[in-house]
Amino acid sequence: MLRCALQQSRRVTSLARSFHASAAAQKIVGSSPVKAQEAKTYGISSQYPLIEHEYDAIVVGAGGAGLRAAFGLAEAGFKTACITKLFPTRSHTVAAQGGINAALGVKGSDWLGDQDAIHYMCREAPKSVIELEHFGVPFSRTKEGKIYQRAFGGQSLQFGKGGQAYRCAAVADRTGHSLLHTLYGQSLRHNTNFFIEYFALDLIMEDGECVGVIALSTEDGTLHRFRAHKTVLATGGYGRAYFSCTSAHTCTGDGNAMVTRAGLPLQDLEFVQFHPTGIYGAGCLITEGALRGHRCGEPFMARYAPTAKDLASRDVVSRSMTMEIREGRGVGPEKDHIYLQLSHLPAEILAERLPGISETASIFCGVDVTKEPIPVLPTVHYNMGGIPTKYTGEVITVDKDGNDKVVPGLYAAGEAASVSVHGANRLGANSLLDIVVFGRACAHHIKETLEPGKPHKTISADAGFATIEDLDRLRKADGPKPTADIRLAMQKAMQTDAAVFRTQTSLDEGVEKVSQIYETYKDVGIKDRSMIWNSDLVETLELRNLLQCATQTIQAAAARKESRGAHAREDFTERDDAKWMKHTLTWQHDMTKPEVEIKYRGVVGTTLDENECKAVPPFKRTY
C-alpha cells in the first residue's frame, strides 16, 4: 500500500498498555521522511502512545477535493500530509458517474448560492477541466477528437430560457473513478505524505486558530497529533444519516462533526438532495443522461417540466416521481417505485457510454438494460450544506455582530464544505467541478499566504488530551444499546420525517424523534475493547458524527418556513425571498445534548467582477 517504515529520530520508550498486546509503536508510516516523535502524556492519556508530527499543511480526506488540495500543496513545495480513513482510491468520489461541468452561470441553487463563489467556480471551470486532461484523465472524445460533452440534468442555456445545454465532460459513466485515480497518481508524483487508515478524531484549536488534528491509526492503535499551519477538511458528506442513500457507508460527516465540536457553525444543512434514480431496494446510484420514469411505457415528466422533461433538476424530478407514486401511478406489486427506461438506446451506445450503469443494474436488480427497465426511487444523494467557507476555501464563522469572520488556519472543500455554489439544490455534474475547483483554490490560497518550512508555534502540552479521554470513555462503554440499533433508529427517523416532501408536523415529529435518539447515545455499548482494527469503535465514533449532523439538519429544516430547492414544504409551497434568502447557521454548544442554536447570515449577491459576469437576479425556476 505504498508505505515504508521510517525509523524515528529517537526510539519510542516501551509503554505498558492494557488494551492490546502489541509493542508500542516503533515506526511512523508515511511515504517520505517526516519529523515525528512521541509526545509526553499524563493521566488517562498516558495509557495511549501519542506520536507528534509537524507539517506545513495537512489535508483530512483523500477523495477528489482532498487529493486536489494535497498534491497542489506538495507541488508548491509544502511538506504536506494527507490523512485518510480509507485507501485513497476507495473514497466516495469513485462513485461519481455522470461527468464534470464547465458552465457559465448557475440558477439551480434556487438563489441561495453565493454569487461570488458561483462566479469563481464557473470562471475556473474550463481551466480546471483542461488541467485534468493534462494530468491524464481520459475524457471521452467526439469524432473530431475534442472532449465529449453531454446534456445533463438541470443544465440550460441563457439561465433557463435558451433550451438544453451540453456542457458535461465525461469519461463514459465512470468519470469519478478516472478522476480519483488520476489525482492519486499526481499526489504520489509530488511526494504527498499519506497516512492511510487513520481516523481523524478532532481539530486542535488554540485561541480560535486551527493548528492541526488528532487522529487514530486503526492499524496499530496509536494516536497521532498532527501539527500544521493550515488544515484542509475534505471529508465528504453525511448521506448515511438516512436509511436509503447512494452514499458509501463511510460517508458519515466526520469533518462536519469535528467543526461542530470545535465550537464552529455548520451552514444550510436542511438542504439534502434526493437523487431521482437510486435502484429500488438497494439505493445504488443510476445517474442521469437517459429517459426517466415510465409507467407502462408512458413518460410523465412533460407534465411537470415541459421543456427539460427528464433532464430537469434533481429536486424537481424527485418530487415529480414522488407525486406519481402518491397518486397511484407507480409500478411493481405495491406501486411504490418508477421505471427508468434505457432500452430505447442502441446496445452499442449503452456499452460505450453507459457501461457502469449497465453493470450496476445487472448486479443489483438483475436487469438487462438493453431489454428491461430499471426500477428506481428517489434516494438521498448529496448534502448541499456543510462547513461554511469563502470561495478561497477559508472556513468562516460570524462575530458577535453577525459579520463574517475567517477561522485562522482552517479550510474546507468538497461536499464537506458549503461554499456556497450549490445553495439549495446542486445540479448534476457540478460536484466533480466543485471538488476540483475548490480543492485547487485551497492550495492556491495557502500558497499565497504561507511560506514552506515556517517554524511552528508552541502549543499547549495537553492539546488533544480531551479527545483522548473521550476515546477512552467510548472504548470502555458498556451500555445496553448496540451502535447499529441507534444508527438504524436515526436513519429511519430522518428518512421518514426529513424526506422529499416536508410539513411542519413531520419536521416537528422528526425533531422530537432525533432528539430522543441522540440522548440514547450515552447508553451505547461496545464489545471490542482492543485498539487494532476495532471496527466497533470506529463505527461508534462515526455514529457520533452522524448524530451531530442529523440533529442540526432536522432542526434547521423545521425552522425554514418556505420551499427552496431540495427543501420542499407542502405547507409553505413557495420560495420566500423577502424572509428566507439567507443561509442557516447551526451550532451545538453541548455535545451531550441535542439542543441546536440557529442563526442566519446573508447570501452574497454580487459576483467577483460585475463587468465580467453579472449576478443573476432571482426569478421562478422553471424547466
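Our subject is the structure listed above.
Scope of this entry: the structure provided in the associated data block. These numbers come from a predicted model, not from an experiment.

## Side note on the sheet that holds strand β27 (residues 582-587)
Part 1 of the reasoning: Here we have three strands laid out as an open sheet, ordered β13-β27-β28, and antiparallel in their pairing. This sheet does not close on itself; its edge strands, each paired only once, are β13 (266-267) and β28 (597-602).
Part 2 of the reasoning: Note: β27 against β28, six bridges, orientation antiparallel. When the bridges of β28 are listed, Thr 586 appears paired with Ile 598.

## As for the environment of Leu 543
Part 1 of the reasoning: Mapped onto the secondary structure, Leu 543 falls in helix α12 (residues 535-559).
Part 2 of the reasoning: Leu 543 sits in the buried class, given a relative accessible area of 0%.
Part 3 of the reasoning: As for Leu 543 and Tyr 518, which are separated by 25 residues in sequence, their C-alpha atoms are 9.9 Å apart.
Part 4 of the reasoning: Setting aside residues no more than four positions away along its own chain, Leu 543 makes contact with Thr 483, Ile 486, Arg 487, Met 490 and Tyr 521.

## Details of helix α1 (residues 64-75)
Part 1 of the reasoning: Taking 1.5 Å per residue, twelve residues should reach 16 Å; α1 reaches 16 Å between its end C-alpha atoms and fits that length.
Part 2 of the reasoning: Burial within α1 is extensive, with eleven of its twelve residues counted as buried.
Part 3 of the reasoning: Among all positions in α1, only Gly 64, Ala 65, Gly 66, Leu 67, Arg 68, Ala 69, Ala 70, Phe 71, Gly 72, Leu 73 and Ala 74 are buried.
Part 4 of the reasoning: Taken from the residues just after α1, Gly 77 is the one with a positive phi, measuring 95°.

## Digging into the packing of α1 against helix α3 (residues 175-189)
Part 1 of the reasoning: The contact between α1 and α3 brings their axes to 9 Å, and the two run at 25°. Accordingly, the angle class assigned to the pair α1 and α3 is roughly parallel. Both α1 and α3 take part in a crossing whose hand is left-handed. Contacts between α1 and α3 involve Gly 64, Leu 67, Arg 68 and Phe 71 from the first element and Leu 179, Leu 180, Leu 183, Tyr 184, Gln 186 and Ser 187 from the second.
Part 2 of the reasoning: In terms of residue class, the contact of α1 with α3 is built from six nonpolar, three polar and one charged.

## A short note on the nonpolar core
Part 1 of the reasoning: Formed by 75 residues in total, the largest nonpolar core has its most connected members in Phe 226, Leu 233 and Leu 410.
Part 2 of the reasoning: No other element matches the eleven residues that α12 contributes to this core.
Part 3 of the reasoning: Residues within four places of Leu 233 in sequence aside, it is in contact with Val 60, Leu 203, Gly 255, Met 258, Val 259, Ile 387, Leu 410, Tyr 411, Ala 412 and Ala 413.
Part 4 of the reasoning: Core analysis: the next-biggest nonpolar cluster, separate from the first, contains 49 residues, Val 59, Val 129, Ala 413 and Ala 441 among them.

## Quick look at the side chain of His 53
Part 1 of the reasoning: Among the secondary structure elements, His 53 is positioned in strand β4 (residues 50-60).
Part 2 of the reasoning: Polar contacts involving the side chain of His 53 include one to the side chain of His 224, which spans 2.8 Å.

Reading guide: rules and limits
- Residue numbers here run from 1 along each chain, matching the order of that chain's written sequence.
- Local features in this predicted model are restricted to residues whose pLDDT is 70 or higher, and side-chain atom pairs enter the listing and the counts only when it is 80 or higher, whereas totals over whole chains, interfaces and linings include all residues.
- To get the side-chain values, all heavy atoms of the structure are used, and hydrogens and water are removed first.
- Any two strands with at least two DSSP bridges between them are considered paired.
- For the purposes of this entry, the term helix denotes a DSSP run of H or I that reaches at least four residues, the term strand denotes a run of E that reaches at least two, and both are numbered from the N terminus.
- Burial classes: relative accessible area under 20% of the type maximum marks a residue as buried, over 50% as exposed, and values in between as partly exposed (1.4 Å probe, protein chains only).
- We call two residues in contact whenever any of their non-hydrogen atoms come within 4.5 Å of each other.
- The span one expects for a helix is its residue count, reduced by one, times 1.5 Å.
- Fitting a line to C-alpha atoms yields each axis, with helices limited to the stretch in contact; the angle taken between N-to-C directions then spans 0 to 180 degrees.
- The labels follow the angle: roughly parallel below 35 degrees, roughly antiparallel above 145, roughly perpendicular from 65 to 115, and oblique for the rest.
- Here a crossing is taken to be left-handed if its near helix is turned anticlockwise relative to the far helix by less than a right angle, and right-handed if that turn runs clockwise.
- Under this grouping Gly is polar, as are all residues other than the nonpolar Ala, Val, Leu, Ile, Met, Phe, Trp, Tyr, Cys and Pro and the charged Asp, Glu, Lys and Arg.
- Take the buried residues of types Ala, Val, Leu, Ile, Met, Phe, Trp, Tyr and Cys, join any two whose side-chain atoms come within 4.5 Å, and each joined set is a nonpolar core.
- Throughout this description, a polar contact denotes any pair of N or O atoms lying within 3.5 Å of each other; where both atoms belong to protein, one of them has to be capable of donating a hydrogen while the other can accept it, and for residues adjacent in sequence the pair is counted only when both atoms sit in side chains.

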